[in-house]
Amino acid sequence: QVFDMMDSDLNGSLDRDEILDGVKNNKKVKHFLKNCGHEDLQFLMEPERLEVSLKAIDEDGDGQVGLMEWEHAIRRALNRKLRAAEKRREELRRKKIEKAPLRELREFLIRMNDRFKERCKAEGTVSTLRGNWERMFNEIDDDGSGRIDYGEFN
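Definitions and limits used
Residues numbered from 1 in each chain as written. Predicted model: local features only at pLDDT ≥ 70, side-chain atom pairs only at ≥ 80, totals over all residues. Heavy atoms only, no water. Helix = DSSP H or I, 4+ residues; strand = E, 2+ residues; numbered from the N terminus. Rg over C-alpha atoms; globule rule 2.2 N^0.38 Å. Buried < 20%, exposed > 50% of the residue type's maximum accessible area, 1.4 Å probe, protein only. Contact = heavy atoms within 4.5 Å. Lys, Arg positive; Asp, Glu negative; His and termini not counted. Charge placed at Lys NZ, Arg CZ, Asp CG, Glu CD. Polar contact = N/O pair within 3.5 Å; in protein donor to acceptor, adjacent residues only side chain to side chain. Phe/Tyr/Trp six-rings, centres within 6.5 Å; stacked < 30°, edge-to-face > 60°. Salt bridge = Lys/Arg side-chain N within 4 Å of Asp/Glu carboxyl O.

## Observations regarding the overall build of the chain
The helix and strand tally for the chain stands at 9 helices and 2 strands. Secondary structure elements in the chain, listed N-terminal to C-terminal, are α-β-α-α-α-α-β-α-α-α-α. Since a compact globule built from 154 residues should have a radius of gyration of about 15 Å, the 27 Å found for the chain marks it as more spread out than a globular shape. Expressed along its principal axes, the backbone C-alpha trace of the chain runs to roughly 75 × 30 × 20 Å. Within the chain, the fraction of its 154 residues that count as buried is 27%. Sequence separation of 24 or more characterises 42% of the internal contacts of the chain that already satisfy a separation of 6 or more. Both charge centroids of the chain, one from 31 positive and one from 34 negative side chains, sit 9 Å from each other.

## Structural notes on the side chain of Asp 7
Locating Asp 7 in the fold gives a position in the loop between helix H1 (2-6) and strand E1 (13-14). Side-chain polar atoms of Asp 7 contact the backbone nitrogen of Asn 11, separated by 3.4 Å. Ignoring any residue separated from it by four or fewer positions in sequence, one finds Asp 7 in contact with Gly 12, Ser 13, Leu 14 and Glu 18.

## Here we look at unusual backbone geometry
Positive phi values are uncommon outside glycine, yet Leu 10 reaches one of about 55°. Mapping Leu 10 onto the fold places it in the loop between H1 and E1.

## Examining the packing of aromatic side chains
Per the counting criterion, the structure on display carries 2 aromatic pairs. With a centroid separation of 6.3 Å and 35° between ring planes, the pair formed by Phe 32 and Trp 70 is classed as tilted. You can see Phe 32 sitting in helix H3 (residues 27-35) and its partner Trp 70 sitting in helix H6 (residues 67-99), a full 38 residues away along the chain. Assessed through its relative accessible area of 5%, Trp 70 is described here as buried.

## Here we look at the pattern of salt bridges
If you walk through the whole model with that rule in mind, you get 6 salt bridges. Arg 89 is the partner of Glu 86 in a salt bridge, and the nearest nitrogen-oxygen pair spans 2.7 Å. Separated by 3 residues within a single helix, Glu 86 and Arg 89 lie in helix H6, roughly one turn from each other. Classification of Glu 86 as partly exposed rests on a relative accessible area of 35%. Residue Arg 89 is classed as partly exposed on the basis of its relative accessible area, which comes to 41%. Between Glu 139 and Arg 115 there is a salt bridge whose closest N-O contact spans 2.9 Å.

Geometric descriptors of this kind do not, in isolation, establish any biological role.
Here it is, written out as structure tokens:
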């Protein structure tokens, strides 16, 4: 959508003048570029960095930014944002783990152990502490990573 707003001659590519005009005269273009998360796209708004940004986005070096080149830049920006969001989520998970009270963990494990004893009894199998722990671990470890993360535990 932003690409189309700047492509004033409708030829499917953006030249320097179209980008400058979009950055100067279109609030939606400015807002998008400011918040997109991709330095090369953000630098299109800074005249002293415009040429370097254009070269970085213009993958085929023809002096224009085609739709595919624009979309590649957008995808790179989105991937950066997704990686940053995942990093923030992981940090939040770690903080929750650090704050998780041991009493809750102990109570949870006791409930799980009791549940497995009941299941073994219903299935007619033998309930052993080691077997229950292995079953419990495998039941909690949703992603099969061999680790129990806070999200799986909760």
